[in-house]
Amino acid sequence: MALKRGLSSSSVAVQRSRSSGSRLPIAILVFFSVLAPLVFFVGGVLSISDQNSTQSGFSKQTVDWRERSALQSIKNLFTKEVIDVVTTSTTNLGPLSLDSFRKGNLSASWKVVGVETLVEDNAVSKAAELKQEISQDKEGNFLDDNHTHDTPAKILRRQLRNDRRERRAAEFVQQDEKVTVKLENSAIQRSKAVDSAVLGKYNIWRRENENDKPDSTVRLMRDQIIMANVYVSIAKLKNKLDLQQELQIRLKEIQRDLGESTSVSDLPRSAPEKIKAMSKVLSKARDQLYDCKSVTGKLREMLQTSDEQVRRLKKQSTFLSQLAAKTIPYAIHCLSMRLTIEYYLLPLEKRKFPRSENLENPNLYHYALFSDNVLAASVVVNSTIMNAKDPSKHVFHLVTNKLNFGAMNMWFLLNPPGKATIHVENVDEFKWLNSSYCPVLRQLETASMKEYYFKADHPTTSGSSNLKYRNPKYLSMLNHLRFYLPQVYPKLDKILFLDDDVVVQKDLTGLWSVDLHGKVNGAVETCGQSFHRFDKYLNFSNPHISQNFDPNACGWAYGMNMFDLKEWKKKDITGIYHKWQNMNEDRALWKLGTLPPGLITFYGLTHPLEKSWHVLGLGYNPSVHTREIEHAAVVHYNGNMKPWLDLAMAKYRPYWTKYVKYDHPYLRKCNFSE
């Protein structure tokens, strides 16, 4: 009866354990561990009785009354299926046979494993049976949960699988907890390390300064200089004169060692000692002077001062770059002076160029080149002739100013362009080009224009802050002469206009056969980017502009332009230019320059050429692709970085220098170098 009550209570415990989804209580395992020997004995007896075993030493007669009593009790408690499972399990134990168990031949590990396994098997089997009994409904009908007809062996295997899954899940949860704890500990250690770095080294505000990169020491010294300047100011405010003096001494030492260094290799050997000395002084200053509000305020003040200094330096840099771009280098000035002297020493009969009869022949290929730069003009002529199929059919019309007229003549007298024809003129000898006829000349003589150019420090006119509009070329008629081509060359039908900052790389005669479809100007369009459209050059807030032009109209480039002079005369292009130039006397329509009035004058009269004829940007854009340059007929160094200046981009300069004769005696005397 006691055994029945124990089993009954264990059944209830098993049911409660399974209903809560947890593992078997320890009490049940202990109870069944006590029952385990009895199960072994019963299993052995059942095995003998059912199989009529012939093993020696065992028979029905040798089973004493205690075993028979236990067997009878077990049969009353368990169903026949459970007893069959126990018998089968006991028979298949191998080394855990009943005989081995009785004789004590098992090792301690086998005994423990055998007992635990058998206890688990019996407990699981009993629990499965109880679950089937409880799953009956109130009417006594057996509920169908997809396992109602499973044999006890299947129920046992399923339960073992579930137990294994639970154990593995528990192990995974435990591993996740260990990883979480490890990460938390690592974060805590990292936080402690950062705190110690900030508190212990006031001159190091970033952990990156402790790396082994070559420039980390340089950055550390710069940080020390910043913090030293902060503490010097605070020490002065708090009347810590001794500390202020000590900081200033260390500051001068570290600044002297740092200099313009960018890596450790540039620093002197004494730098590490100076860094340590500065660190000690900064730690001392921190202990005596540190106040979050004061330090923050001083850093903000230093930041504002630096920002103002950057803006001032940027403005100065812009001015200097404009100045450098428009100033004639000494070597070019030297060349011009030497050539001028030699020219005026020549007899008059030797100052003339051959083949002057070709100058007005409309059947030849004529070029217009307006320049005051001898070397630049020579590159344009040389590159054109060297790439021409028949140089004898090419005629160059050069116009320069009075200052460079002798030099330009002398250079081409000394270096004639082969069989090509060349002619040099002086713009100051064009008597028809005067202020009464030309609006630009008249405007340049006004008081406001003189103030704009010559009193830039105290301007009163709008737009005066933009330094690039104070370019000296806007005072030269060489820049505006392009609007008077029919007046300069009245007997020509077509002419190709070239700037002096271009290089010709292919034969250009094909341009004369391009059909302009009645247009006056043949040019390469530049509207691939938004800033090359009309609204970037003209003032569309003015009704004269907004009512007559499209702000999204595509711009085009000066530098290589094919002009049909017959159509020019028919459409009175020069008259259109004069009209708009007179309207822009106060510069309300556009700023100074020749491209904006060119866009207006040739609006609707420009025929777009293939882009490969003219590639721009070599004077300002470092991203021009090499393939575009090599396939271009003409490359243009538009921008400030002209190829004859030190500002030139090195990767583009060889396209220009290969047409310069650096071994020429005059170039050597003026110290020209590649």
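Right above here is the structure, for reference.
Remember, it's a predicted structure, so these values are computed and weren't measured experimentally.

Parameters at a glance
Residues numbered from 1 in each chain as written. Predicted model: local features only at pLDDT ≥ 70, side-chain atom pairs only at ≥ 80, totals over all residues. Heavy atoms only, no water. Helix = DSSP H or I, 4+ residues; strand = E, 2+ residues; numbered from the N terminus. Buried < 20%, exposed > 50% of the residue type's maximum accessible area, 1.4 Å probe, protein only. Contact = heavy atoms within 4.5 Å. Areas by Shrake-Rupley, 256 points an atom, 1.4 Å probe, with all protein chains shown as cover. Axes fitted to C-alpha atoms, helices over the stretch in contact; angles between N-to-C directions. Parallel < 35°, antiparallel > 145°, perpendicular 65-115°, else oblique. Left-handed = near helix turned anticlockwise from the far one by under 90°. Nonpolar A, V, L, I, M, F, W, Y, C, P; charged D, E, K, R; others polar. Disulfide = S-S within 2.5 Å. Core = buried A, V, L, I, M, F, W, Y, C linked by side-chain atoms within 4.5 Å. Expected span 1.5 Å × (residues − 1). Phe/Tyr/Trp six-rings, centres within 6.5 Å; stacked < 30°, edge-to-face > 60°. Lys NZ or Arg CZ within 6 Å of the ring centre and 35° of its normal. Pairing = 2+ DSSP bridges. Salt bridge = Lys/Arg side-chain N within 4 Å of Asp/Glu carboxyl O.

1. Some details on the overall build of the chain
The secondary structure content of the chain amounts to 24 helices and 10 strands. Going through the 674 residues of the chain one by one, you find that 43% of them count as buried. Taking contacts inside the chain between residues at least 6 apart in sequence as the whole, the part at least 24 apart equals 73%. In the structure as shown, the chain presents an accessible area of about 37600 Å², 53% of it carried by carbon and sulfur atoms.

2. A word on the packing of helix α13 (residues 374–386) against helix α14 (residues 402–414)
Two numbers describe how α13 lies on α14: the axes approach to 10 Å, and their chain directions differ by 40°. With respect to each other, α13 and α14 are oriented oblique. When you trace α13 past α14, the crossing you get is right-handed. Where α13 approaches α14, its residues Val 374, Ala 377, Ser 378 and Val 381 are matched on the opposing element by Ala 407, Met 408, Trp 411 and Phe 412. Of the residues assigned to the contact of α13 with α14, the class counts are seven nonpolar, one polar and no charged.

3. Some words on the packing of helix α12 (residues 330–344) against α14
Where α12 contacts α14, the two axes come as close as 7 Å, and the packing angle between them is 80°. Considering their axes alone, α12 and α14 lie roughly perpendicular with respect to each other. Contacts between α12 and α14 pair Leu 335, Ser 336, Met 337, Leu 339, Thr 340, Glu 342, Tyr 343 and Tyr 344 from the former with Leu 403, Asn 404, Phe 405, Gly 406, Ala 407, Asn 409, Met 410, Trp 411, Leu 413 and Leu 414 from the latter. A class-by-class count of the residues in the contact of α12 with α14 yields 12 nonpolar, five polar and one charged.

4. Some details on the state of the cysteines
Think of a disulfide as a covalent bridge from one cysteine sulfur atom to another cysteine sulfur atom. For the coordinates displayed, the defined rule picks out two disulfides. Each disulfide pairs two cysteine sulfurs, and for Cys 334 the partner residue is Cys 670, the sulfurs being separated by 2.2 Å. Here the S-S torsion is close to -75°, and the disulfide linking Cys 334 with Cys 670 is therefore left-handed. On the criterion of sequence distance, the pair formed by Cys 334 in helix α12 and Cys 670 in the segment after α24 (665–669) is long-range, its members being 336 residues apart. The partner cysteine of Cys 527 in its disulfide is Cys 554, sulfur to sulfur 2.0 Å. Across the S-S bond linking Cys 527 and Cys 554, the dihedral sits near -95°, which makes this disulfide left-handed. Residue Cys 527 is found in the loop between β6 (521–523) and α18 (543–546), and its partner Cys 554 is found in the loop between α18 and β7 (560–564); the two are separated by 27 residues along the sequence. Counting only the cysteines that take part in disulfides, in the order they occur along the chain, gives the pairing 1-4, 2-3.

5. Some details on the nonpolar core
By size, the foremost hydrophobic cluster in this structure holds 65 residues, and its most contacted members are Leu 335, Leu 398, Leu 496, Leu 508, Leu 511, Trp 656 and Phe 672. Sort the elements by how many residues they give to this core and α13 lands first, with eight residues. Beyond its immediate chain neighbours, meaning those up to four positions away, Leu 335 contacts Val 374, Trp 411, Tyr 666, Leu 667, Cys 670 and Phe 672. Val 488, Phe 549, Ile 573 and Leu 599 belong to the second largest nonpolar core, which has 45 residues in total.

6. As for helix α11 (residues 292–326)
The end-to-end C-alpha separation of α11 is 51 Å, in line with the 51 Å expected for 35 residues at 1.5 Å each. When we look at burial in α11, the residues that qualify are Val 295, Lys 298, Gln 322 and Ala 325. Contact partners of the buried residues in α11: α8 (216–237).

7. Comments concerning the packing of aromatic side chains
A complete count under the given rule lists 23 aromatic pairs for this structure. Over the ring of Tyr 558 we find Arg 482; its NZ or CZ atom is 4.6 Å from the centre of that ring. Over the ring of Tyr 666 we find Lys 669; its NZ or CZ atom is 5.5 Å from the centre of that ring.

8. Regarding the sheet that holds β7
Strand order across the open sheet formed by seven strands is β3-β2-β1-β4-β7-β6-β8, with mixed pairing between neighbours. Two strands close off the open sheet at either side, each with one partner strand: β3 (421–426) and β8 (606–608). Ignoring which end each strand starts from, the neighbouring axes of this sheet average 25° apart. As judged from the three bridges shared by β6 and β8, these two strands associate in the parallel manner. Bridging across to β8, Ala 523 finds its partner in Pro 608.

9. Re the pairing of strand β4 (residues 494–498)
Across the five residues of β4, four count as buried, placing the element largely inside the fold. Here strand β1 (residues 365–370) runs beside β4; their pairing, made up of three bridges, is parallel. Bridge pairing links Tyr 367 to Leu 496 in β4. Here β4 runs beside β7; their pairing, made up of five bridges, is antiparallel. Paired with Leu 498 across the two strands is Met 560, which belongs to β7.

10. Concerning the pattern of salt bridges
Scanning the entire structure with this criterion turns up 12 salt bridges. With a shortest N-O distance of 2.4 Å, Asp 307 and Arg 311 are connected by a salt bridge. Of this pair, Asp 307 and Arg 311 both sit in helix α11, four residues apart, roughly one helical turn. Of the charged contacts, one joins Lys 571 and Glu 567 as a salt bridge, the two residues approaching to 2.8 Å between their closest N and O atoms. Separated by four residues within a single helix, Lys 571 and Glu 567 lie in helix α19 (residues 565–571), roughly one turn from each other. By relative accessible area, which is 16% here, Glu 567 ends up buried.

11. A short note on the environment of Gly 639
With respect to the helices and strands, the residue Gly 639 is situated in the loop between β10 (634–636) and α23 (654–657). Looking at Gly 639, the relative accessible area reads 27%, which means it is partly exposed. Taking C-alpha positions, Gly 639 is 9.5 Å from Asp 501, a pair spaced 138 residues apart along the chain. Excluding anything up to four places from it in sequence, Gly 639 contacts Gly 619 and Tyr 620.

12. Comments concerning unusual backbone geometry
A positive phi is found at Arg 355, a non-glycine position, where the angle reads about 60°. For Arg 355, the position within the fold is in the loop between α12 and β1. Its identity is not glycine, yet His 517 carries a phi of approximately 55°, on the positive side. Along the chain, His 517 turns up in the loop between β5 (502–504) and β6.

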